[in-house]
Amino acid sequence: MKDERKILDEVSRFVMEAMQKHDSGHGWTHIERVVRIALHIHSAEGRGDRLTVELGALLHDVGDHKFEAHDGPDEIRRLLGGLGVSSSVIDAVVNINQNISFSKGMRPDPGSVELQIVQDADRLDAMGAVGIARAFNYGGFKGNDIYDPRVKITDPPLLAGTSSRSVSTIHHFYDKLLLLRDLMNTPTGRKLADERHEYMVRYLDQFFREWNEGMDK
Ligand code: ADP
Ligand code: NI
């Protein structure tokens, strides 16, 4: 196996290239943030294999069905195999790529620590001020309205698998973003999620106050 730093540099270059096709909410800067949050959670938790966490974060969106026809696992195996990464690390990275998505299930995954960490990092990047920006960016990319008051906000919220079909970006908060805090796998992720969740709640409160301005007069 090559030197770890060299492997990570080559994988970063590959991902940067692959992400150029994505809208900016899914682009390279999303990957960079997920890598940083994941490594932070990893060191705070003191559990799991660091190389698997970093490679898993770098490669978690490769082959995303919303953007690409390519098969994530095949590409990952070819790339990491070519760099001499051990087959157990490759399997763990493929496992992260295949199971990270919200739509794969609501419950925290009891499986690998590395998957739990990268999933928390990916979910944290969908929350808070950055998450709000990403949601409106993605909604715009899809041509969705910022909000459609004709459609009732579902309460209790819709569950897994429906989030990409939210009728408006504000609906997406109730379909997905406000559920993420309670889906955190690690105590460190949960702590970070609390602040981001509160911020989204305050944002929505202000949004609706502005939206309804003058309605009671
Ligand atoms: P995951 O990778 O967990 O499956 P997605 O790919 O569904 O997550 O979402 C990636 C980003 O796009 C997140 O920031 C998410 O909030 C946002 N997003 C997904 N669907 C919508 C939608 N219908 N409206 C607005 N934002 C969305
Ligand atoms: Ni992601």
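No experiment lies behind these values; they were computed from the predicted model shown.

Q: Looking at this structure, how should I read the packing of helix H3 (residues 50-59) against helix H6 (residues 113-124)?
A: The angle between the axes and the distance between the axes are what describe a pair of packed helices. Between H3 and H6, the shortest axis-to-axis distance is 9 Å and the interhelical angle comes to 45°. When the axes of H3 and H6 are compared, the pair comes out oblique. When you trace H3 past H6, the crossing you get is right-handed. Across the interface between the two elements, Thr52, Val53, Gly56 and Ala57 of H3 pack against Glu114, Ile117 and Val118 of H6. Per-class residue counts for the contact of H3 with H6 are four nonpolar, two polar and one charged.

Q: Where do I start with a nonpolar patch on the surface in this structure?
A: A grouping of Ile146, Trp211 and Met215 is seen on the molecular surface, where their side chains present a nonpolar patch of about 320 Å² in accessible area. Looking at where Trp211 falls in the secondary structure, it is placed in helix H9 (residues 187-211).

Q: Where do I start with the coordination of the nickel ion (ligand 2) in this structure?
A: Six octahedral donors around a metal ideally subtend angles of 90 or 180 degrees, whereas four tetrahedral donors ideally subtend 109.5 degrees. Taken together, His30 (NE2), His60 (NE2), Asp61 (OD) and Asp122 (OD) make up the protein donors of the nickel ion (ligand 2), found 2.1 to 2.6 Å from the metal. Geometry at the nickel ion (ligand 2) is irregular, judged from its four donor atoms and the angles of 85 to 172° they form at the metal. Mapped onto the sequence, the donors of the nickel ion (ligand 2) take the spacing H-x29-H-D-x60-D. Its relative accessible area of 2% is what places His60 among the buried residues. On the accessibility criterion, Asp61 (8% relative accessible area) is buried.

Criteria and thresholds
- All residue numbers here refer to positions counted from 1 along the written sequence of the relevant chain.
- Labels follow written order: the first chain is A, the first ligand is 1, and so on.
- Totals for whole chains, interfaces and linings use every residue, but because this is a predicted model, local features are given only for residues with pLDDT of at least 70 and side-chain atom pairs only at 80 or more, for both listing and counting.
- Hydrogens and water molecules were not included; the side-chain quantities draw on all heavy atoms of the structure.
- For helices, the fitted line uses only the C-alpha atoms of the stretch in contact; every axis is such a line through C-alpha atoms, and the angle between N-to-C directions lies from 0 to 180 degrees.
- By definition, any uninterrupted DSSP run of H or I lasting at least four residues is a helix, any uninterrupted run of E lasting at least two residues is a strand, and each is numbered from the N terminus.
- We call two directions roughly parallel when the angle between them is under 35 degrees, roughly antiparallel when it is over 145, roughly perpendicular when it lies between 65 and 115, and oblique otherwise.
- Less than a right angle of anticlockwise turn of the near helix away from the far helix marks a crossing as left-handed, whereas a clockwise turn marks it as right-handed.
- The contact criterion used is simple: two residues touch if any of their non-hydrogen atoms lie within 4.5 Å.
- Residues are grouped as follows: Ala, Val, Leu, Ile, Met, Phe, Trp, Tyr, Cys and Pro are nonpolar; Asp, Glu, Lys and Arg are charged; all remaining types, including Gly, are polar.
- Like charges are joined within 9 Å and nonpolar side chains (Val, Leu, Ile, Met, Phe, Trp, Tyr) within 5 Å, but only among residues with over 30% relative accessible area and no salt bridge; these make up the patches.
- What sets the accessible areas is the Shrake-Rupley method with a 1.4 Å probe; for residues, cover comes only from the shown protein chains.
- Any Lys or Arg side-chain nitrogen found within 4 Å of a carboxyl oxygen on Asp or Glu counts as a salt bridge.
- Metal donors were taken as nitrogen, oxygen and sulfur atoms no farther than 2.8 Å from the ion, or 3.2 Å where the ion is Na, K or Ca. Water is excluded, so coordination may look unfinished.
- Here a site with four donors is tetrahedral if all angles are between 85 and 135 degrees, and a site with four or six donors is square planar or octahedral if opposite donors are over 155 degrees apart and the other angles are between 65 and 115; anything else gets the irregular label.
- Only protein chains enter the calculation, and the probe is 1.4 Å; a residue is then buried if its accessible area is under 20% of its type maximum, exposed if over 50%, and partly exposed in between.

This is a description of form; function is not addressed.
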